[in-house]
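# Architecture at a glance
Here are the chains, one letter per residue:
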Amino acid sequence: MTRVLITGGTVLDQTGERRADVAVDPASGRIADVAPALAPSDGDVVLDATGCFVSPGFVDLHVHLREPGKEEAETIETGSRGAALGGFTAVVAMPNTDPAHDSVAVVEFVRAQGERAGLCEVLPSGCITVGRAGERLAPFGELAGAGVRLFTDDGNGVQDPLLMRRALEYAGPLGITLAQHCETSALTKGAVMHEGACCSHLGLPGWPALAEELMLFRDIELVRLTGVGMHFLHLSTARSVELVRAAKADGLPVTAEAAPHHFTLTDEMLTGYDPLFKVNPPLRTRADIDALKAGLADGTIDAIATDHAPHAPHTKELPLDQAPPGMLGLETALALAISELDMPPAAVVAALSWKPAAIAGVADRHGRPVAVGEPANLALFDPSHEWTVSAAGMASKSRNTPYGGRTVRGKVRHTIFRGHPVVVDGHATR
Ligand code: DOR
């Protein structure tokens with residue numbers, strides 16, 4: 001293969017939109033040419049991008065790949081394949097594996113498995129505390145030395161405010177980013193779904209919005225105190241959006257993400273007691289959805305992150321109170337964003353690509369402009385392609401999508417990773 005030639009598309013990156021063909025050199029993994037019309041040479045692999053945007057590949061700040069420890073639900077290979085099919089060229093792997101990401105050995109294993117799969121860049125997160133137990137800090141220095149940029153105990157919030165303060169004080173000089181799963185666990189014991197009218201009606205234990213907002217408020221104040229920035233994972237409530245908006249207005253170095261399920265589904269989905277709709281934080285109300293959408297539209301929420309959380313069928317088939325929380329997200333994120341958010345394509349791609357790339361610390365190679373010499377990590381998607389979500393058709397080892405049977409708009413046609421087409425015409429090549 002001499003070159004990959006992308007023809008007929010519209011380039012969309014942080015510099016704007018323009019009609020252009022793009023030539024990629026697989027040997028160097030870089031963009032070789034960008035011009036209004038490029039003629040194919042012998043041996044070129046031609047990818048038709050007619051009707052597509054050609055954008056920098058997406059970066060997911062929040063995926064659970066389950067390996068090591070729960071390979072029956074997902075492996076780094078199957079999760080990376082789902083990522084590539086969703087247009088992602090980099091994903092941050094959450095640390096709640098078994099063992100957790102609190103040692104160099106584990107993060108190096110995760111990264112190596114990602115390299116072996118070769119479908120996208122797998123960026124291991126590091127734990128904030130050893131074993132995510134919330135008691136003592138993980139070895140930040142060693143993990144940072146092994147290339148970890150984002151630290152989180154995701155799945156758990158760090159409950160102890162002093163420990164969180166110390167974590168920030170260590171993180172600052174190391175130049176790493178802490179990402180908080182905001183959940184005050186004393187308020188969520190036994191909780192199954194959002195605390196509100198629907199949960200009272202169903203007679204289920206409620207998960208108050210305050211459980212999230214209290215920790216978010218505390219951590220914003222810790223950012224103010226220490227001057228060290230923080231990222232907030234999967235915002236789910238209207239008040240959370242207000243808190244982050246106010247923090248940004250105060251000039252605090254905070255960033256935030258929202259997951260597609262939180263801006264597309266309400267707690268009313270739980271009326272059938274179906275564990276497919278159980279997630280942490282829980283699905284909230286229409287007013288929360290409206291606030292999340294407004295937060296994404298005005299940039300209060302920087303990134304769309306999937307919180308892709310595969311669970312093996314036998315676990316998701318347990319009764320609602322026993323089933324684990326979480327939903328698949330990688331293959332539906334773009335379509336849900338295009339279908340449900342009242343945002344121009346450039347703003348959707350910003351939230352999926354260059355903004356999360358900066359938060360993940362990979363803006364040197366992901367979310368780059370589509371220009372000569374840049375790393376060729378690209379997503380080519382048709383914003384008007386309608387398709388119907390099928391759980392059985394997904395690359396994941398698990399089937400727990402809440403969107404099965406839903407018709408959505410916007411589909412990834414091709415994904416280029418390090419100059420190689422890893423998805424062609426909607427099919428993974430590896
Ligand atoms: O719904 C969720 N599932 N939220 C989390 O924070 C953890 C995740 C998981 O690991 O399944």
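Residues numbered from 1 in each chain as written. Predicted model: local features only at pLDDT ≥ 70, side-chain atom pairs only at ≥ 80, totals over all residues. Heavy atoms only, no water.

### Notes on the site of the ligand
Basically, it comes down to this: Here a residue counts as near a molecule or strand whenever at least one of its heavy atoms sits within 4 Å of it. As used in this structure description, the phrase polar contact means that two N or O atoms lie within 3.5 Å; if the pair is within protein, one of them must be able to donate a hydrogen and the other to accept it, and residues adjacent in sequence are counted only when both atoms belong to side chains.
Residues in close proximity to the ligand total 14 residues, the closest being Arg 66, Asn 96, Asn 280, His 311 and Pro 325. The contact in question runs from a nitrogen atom of the ligand to an N or O atom on the backbone of Asn 280, over 2.7 Å. One of the backbone N or O atoms of Pro 325 is found 3.0 Å from a nitrogen atom in the ligand.

### Quick notes on the packing of aromatic side chains
Definition in use: Paired rings are identified among Phe, Tyr and Trp, the last through its six-membered ring, by centres lying within 6.5 Å, and are further divided according to the angle between planes into stacked (under 30 degrees), edge-to-face (over 60) and tilted (the rest). Helical segments are the DSSP runs of H or I of at least four residues, strand segments are the runs of E of at least two, and each set is numbered from the N terminus. Each residue is placed in one exposure class: buried if its accessible area under a 1.4 Å probe, protein chains only, is under 20% of its type's maximum, exposed if it is over 50%, and partly exposed if it falls in between. By definition, being over a ring means that NZ of Lys or CZ of Arg is both within 6 Å of the ring centre and within 35 degrees of the ring normal.
Taken as a whole and judged by the stated rule, the model has 4 aromatic pairs. A centroid spacing of 5.0 Å and a plane angle of 55° characterise the contact between Phe 140 and Phe 151, whose relative ring orientation is tilted. One end of the pair, Phe 140, is in helix α3 (residues 140-145); the other, Phe 151, is in strand β11 (residues 150-151), with 11 residues separating them in the sequence. Of the two residues, Phe 140 and Phe 151, both sit in the buried class. Taken together, the ring pairs connect Phe 53, Phe 58, Phe 88 and Phe 381 into an aromatic cluster. The ring centre of Trp 387 lies 4.8 Å from the NZ or CZ of Lys 411, which sits over that ring.

### Here's the deal with unusual backbone geometry
For the bond from Glu 67 to Pro 68, the omega torsion is 10°, close enough to zero to count as cis. Position of Pro 68 relative to the elements: it lies in the loop between β8 (58-63) and α1 (76-85). Following Asp 98, the chain continues into Pro 99 via a peptide bond in cis, with omega recorded as 0°. Along the chain, the position of Pro 99 falls in the loop between β9 (88-93) and α2 (104-117). With a phi angle near 50°, Asp 307 is a residue other than glycine that sits in the positive phi range.

### Focus on the sheet that holds strand β16 (residues 254-258)
Put simply, the rule is: Between any two strands, pairing holds if DSSP finds at least two bridges.
The strand order across the open sheet formed by 5 strands is β11-β12-β15-β16-β17, and the pairing between neighbours is parallel. Each having just a single partner strand, β11 and β17 (303-304) make up the two edges of the open sheet. With 2 bridges connecting them, β11 and strand β12 (residues 177-180) associate as parallel partners. If you follow Phe 151 over to β12, its bridge partner there is Leu 178.

### Here's the deal with the pattern of salt bridges
Test applied: Throughout this description, the term salt bridge denotes a Lys or Arg side-chain nitrogen within 4 Å of a carboxyl oxygen of Asp or Glu.
Per the stated rule, a full pass over the model turns up 20 salt bridges. A salt bridge links Asp 13 to Arg 18, with the shortest nitrogen-to-oxygen separation between them at 3.0 Å. In this structure Arg 18 comes out as partly exposed when scored by relative accessible area, which is 29%. For Glu 121, the salt bridge goes to Arg 365, with nearest N and O atoms at 2.8 Å. Here Glu 121 is found in strand β10 (residues 121-124), whereas its partner Arg 365 is found in the loop between α13 (354-360) and β18 (378-388), with 244 residues between them in sequence. Glu 121 gets classed as buried once you look at its relative accessible area, which sits at 10%.

### Notes on the layout of surface pockets
Rolled over the atoms, a probe sized like a water molecule indicates the empty space that remains. Rules: Both cavities and pockets are sets of points on a 1 Å grid over the protein atoms alone; in a cavity a 1.4 Å probe fits but cannot get out, in a pocket the set is open with protein on both sides within 12 Å along at least five of seven lines, and lining residues sit with an atom within 4 Å of a point. Grid points are joined across faces, edges and corners, and a volume is the space filled by probe spheres set on the points. All amino acids are sorted into three groups, where Ala, Val, Leu, Ile, Met, Phe, Trp, Tyr, Cys and Pro are nonpolar, Asp, Glu, Lys and Arg are charged, and the leftover types, Gly among them, are polar.
Put simply, the largest pocket is a space of about 300 Å³. Lining the largest pocket we find 18 residues, and of these Glu 331, Trp 387, Gly 393, Lys 411 and Gly 426 sit closest to its centre. Elements represented by at least two residues in the lining of the largest pocket include exactly α11 (333-340), β18, β19 (407-417) and β21 (427-428). The dominant element in the lining of the largest pocket, judged by the number of residues it contributes, is β19, at 3 residues. Counted by class, the lining of the largest pocket contains 9 nonpolar, 7 polar and 2 charged residues. Its volume calculated, the second largest pocket comes out at about 210 Å³. As for the second largest pocket, its lining consists of 15 residues, of which Arg 66, Lys 70, Asn 96, Pro 310 and His 311 are closest to the centre. Broken down by class, the residue content of the lining of the second largest pocket amounts to 5 nonpolar, 5 polar and 5 charged.

### Concerning the nonpolar core
Using the following cut-off: Note on terminology: a nonpolar core comprises buried Ala, Val, Leu, Ile, Met, Phe, Trp, Tyr and Cys residues joined through side-chain atoms within 4.5 Å. Should any heavy atoms of two residues lie within 4.5 Å, those residues are counted as being in contact.
Judged by nonpolar contacts, the single largest core of 73 residues is most densely connected at Phe 58, Val 91, Leu 178 and Phe 232. When sequence neighbours within four positions are dropped, the list of residues in contact with Phe 58 reads Gly 86, Gly 87, Phe 88, Thr 89, Ala 90, Leu 334, Val 349, Leu 352, Ser 353, Ala 379, Phe 381 and Val 412. Grouped together as the second largest cluster of nonpolar side chains are 21 residues, Met 193, Leu 270, Phe 277 and Leu 283 included.

### Re the sheet that holds β8
Definition in use: Interaxial angle, 0 to 180 degrees, is taken between N-to-C directions of lines fitted to C-alpha atoms, where a helix line uses only the stretch in contact.
Read across the open sheet, the 3 strands follow the order β8-β9-β10; overall the sheet is parallel. The sheet is open, and its two borders are formed by β8 and β10, each paired with just one other strand. For this sheet the average axis-to-axis angle between neighbouring strands, irrespective of direction, equals 20°. With 4 bridges connecting them, β9 and β10 associate as parallel partners. Directly across from Val 91, in β10, lies its bridge partner Val 122. This element, α2, spans β9 and β10 of the sheet and lies at about 170° to β10.

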